[in-house]
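One-letter residues, chain by chain:
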Amino acid sequence: MVDRTEPPQILLAMMPGLVEYAFTTEQRRRLDRVGGLLHGGEPLDDFTTPEASAALAQADVIVGHWGCPTLTDAVMSAAPRLALFAYAAGTVKWQVTDAVWDRDVTVTSAAAANAVPVAEYTVAAILFANKGVFSFAARERDPGANVTIDPTRIGNVGRRVGLVGASHVGRLVIDLLRPYDLELAVADPYLSDADAAELGVTRMELDDLCAWAELLSLHAPEVEATRKMIGAAQLAALSDGATVLNTARGGLIDEEALISELSTGRISAVLDVTAEEPTPADSPLRTLPNVFLTPHVAGAAGTEMARLAELAVCEVERWTRGEPPLYPVTAADMDRIA
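This section reports on the structure supplied with the text. The shown structure was predicted, so the numbers you read here are calculated from the model rather than taken from an experiment. (Residues numbered from 1 in each chain as written. Predicted model: local features only at pLDDT ≥ 70, side-chain atom pairs only at ≥ 80, totals over all residues. Heavy atoms only, no water.)

## Re the pairing of strand β7 (residues 182-187)
By the criterion of burial, β7 is predominantly enclosed, with five of the six residues buried. The sheet contact formed by strand β6 (residues 159-164) and β7 spans six bridges and is parallel. Residue pairing across strands places Arg-160 opposite Glu-183, the latter belonging to β7. For the crossover from β6 across helix α8 (residues 168-176) to β7, the handedness is right-handed. With helix α9 (residues 193-199) bridging β7 and its parallel neighbour strand β8 (residues 202-203), the resulting β-α-β unit is right-handed. (Buried < 20%, exposed > 50% of the residue type's maximum accessible area, 1.4 Å probe, protein only. Helix = DSSP H or I, 4+ residues; strand = E, 2+ residues; numbered from the N terminus. Pairing = 2+ DSSP bridges. Right-handed = clockwise from strand over helix to strand, strands pointing away.)

Below you can see the structure in the form of structure tokens.
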């Protein structure tokens, strides 16, 4: 058990208006029950004001979300009691600094909860793409659309789906695709043959995966080693009629090479993320008939937001009981998380 003489003081930190959208009333009550909510329970989005300094001085826990300010050296100095940063969203890359690790603060993330809707979007897109739905829809809009439709390769029986990354999302996609008659393979430098066998997939090197897959789905983080990992050579290796699906980060693909390949009509793409967001108004990705483009909506939204908050609230409750976190983030994770 955590040895405390008084309930922990909890500070909410996120963009204005988000708390009512992201947290249910009951979830906020649960936070209030395990400790005192600082700043009247209203979240802060700026840690440089006098009122923020007063709240940080008392905070044992920060529950963050989108718009949470970065935990810089100055912020950590202003928060001498801080022991837990529970992030109710995905990546903590933009909030956590070395100052947090130097203080040995426990950090948790709701990335596992955010992975669920991304995986669901991915599976829906895979099934639609393999069925030719996006290509047929483009033809219905414009009978002369430059899209490749091979009637012998339409359907979801025996199709080869290649996943780049055995991440939270990648593993959920594998699990959700089990009921379908698809062949699955994964490229991930951190995935062993034994791990792949346990997941029920084949492990391949990236270039081999691109040459094998009829649909290539990206689930890797964007770090130095993965930027533009899908370049001209990988795209050229894809078979005619293949689909590239990206729900991860736009920077994983050499977008210029992708647009060049898509312009031939040889392959198609389903893109929820692009190199620049929002996608520029004059980008060919907005007009090419073989591109299905959405504005970064695969992650949690609407009713799905409560799932992220639930995980963060559970992490706070577990911490107050002295239990280990469900989804901790460590300093060693920072170079390979999204």
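Continuing now.
## What to know about the side chain of Thr-243
Looking at the element boundaries, Thr-243 is found in strand β10 (residues 243-246). Overall, the relative accessible area of 8% leaves Thr-243 in the buried class. The contacts of Thr-243, once residues within four sequence positions are left out, are Ala-129, Glu-214, Leu-215, Leu-216, Ser-268, Ala-269 and Val-270. (Contact = heavy atoms within 4.5 Å.)

## Observations concerning the packing of aromatic side chains
Working definition: an aromatic ring pair is given by the centre-to-centre distance plus the angle between the planes. In the structure shown here, the tally under the stated rule is three aromatic pairs. Chaining the aromatic ring pairs together yields one cluster made of Phe-128, Phe-134 and Phe-292. Here the basic side chain of Arg-160 rests over the ring of Trp-212, its NZ or CZ set 6.0 Å away from the ring centre. Directly above the aromatic system of Tyr-190 lies the positively charged group of Arg-336, at a separation of 5.2 Å from the ring centroid. (Phe/Tyr/Trp six-rings, centres within 6.5 Å; stacked < 30°, edge-to-face > 60°. Lys NZ or Arg CZ within 6 Å of the ring centre and 35° of its normal.)

## A few points about the nonpolar core
One finds Leu-11, Phe-23, Phe-47, Ile-62, Phe-85, Val-92 and Val-316 to be the most contacted residues of the largest nonpolar core, which totals 54 residues. It is helix α13 (residues 305-320) that contributes the most residues to this core, eight residues altogether. Setting aside residues no more than four positions away along its own chain, Phe-47 makes contact with Leu-11, Ala-13, Ala-52, Leu-56, Ile-62, Pro-69, Thr-70, Leu-71 and Val-75. (Core = buried A, V, L, I, M, F, W, Y, C linked by side-chain atoms within 4.5 Å.)

## Focus: the pattern of salt bridges
Here the structure, examined in full by the defined rule, presents 17 salt bridges. The partner of Arg-227 in a salt bridge is Glu-222, with the nearest N and O atoms 3.4 Å apart. Taking relative accessible area as the criterion, Arg-227 reaches 41% and is therefore assigned partly exposed. Under the relative-accessibility criterion, Glu-222 is labelled partly exposed at 25%. Residue Arg-266 pairs with Glu-261 through a salt bridge whose shortest N-O separation is 2.9 Å. Across the pair, Glu-261 and Arg-266 agree in class, each one buried. Ionic contacts of the salt-bridge type, sharing partners, join the residues Glu-6, Asp-60 and Arg-81 into one network. (Salt bridge = Lys/Arg side-chain N within 4 Å of Asp/Glu carboxyl O.)

## Digging into the environment of Asp-282
Relative to the assigned elements, Asp-282 resides in the loop between β11 (268-271) and β12 (291-293). In this structure the C-alpha to C-alpha distance between Asp-282 and Ala-309, which are 27 residues apart in sequence, comes to 37 Å.

## Structural notes on the environment of Arg-159
Relative to the helices and strands, Arg-159 resides in strand β6. In this structure the C-alpha to C-alpha distance between Arg-159 and Gly-40, which are 119 residues apart in sequence, comes to 55 Å. Setting aside residues no more than four positions away along its own chain, Arg-159 makes contact with Asn-130, Arg-153, Ile-154, Asp-181, Leu-182, Glu-183 and Glu-214. Looking at Arg-159, its side chain comes within polar contact range of the side chain of Glu-214, at 3.3 Å. (Polar contact = N/O pair within 3.5 Å; in protein donor to acceptor, adjacent residues only side chain to side chain.)

## Description of the sheet that holds β11
The pairing of strands in a sheet comes from backbone hydrogen bonds and takes either a parallel or an antiparallel form. Strand order in this open sheet of seven strands is β8-β7-β6-β9-β10-β11-β12, and the pairing throughout is parallel. A strand with exactly one partner marks an edge of an open sheet, and here the two such strands are β8 and β12. In this sheet, β8 lies alongside β7 in parallel orientation, the contact comprising two bridges. The residue bridging Val-186 from the neighbouring strand is Arg-203, located in β8.

## Here's the deal with the side chain of Thr-108
Within the fold, Thr-108 resides in strand β5 (residues 106-109). Excluding its chain neighbours within four sequence positions, the residues that come into contact with Thr-108 are Leu-84, Phe-85, Ala-86, Tyr-87, Val-92, Glu-315, Pro-325, Tyr-327, Pro-328 and Val-329.

## Digging into the sheet that holds strand β2 (residues 36-37)
Ordered in space as β2-β1-β3-β4-β5-β13, the six strands form an open sheet in which the pairing is mixed. With partners counted over all chains shown, the strands left at the sheet margins are β2 and β13 (328-329), one partner each. In the sheet, strand β1 (residues 9-13) pairs with strand β3 (residues 61-64) via four bridges, with the strands oriented parallel. Bridge pairing links Leu-12 to Val-63 in β3.

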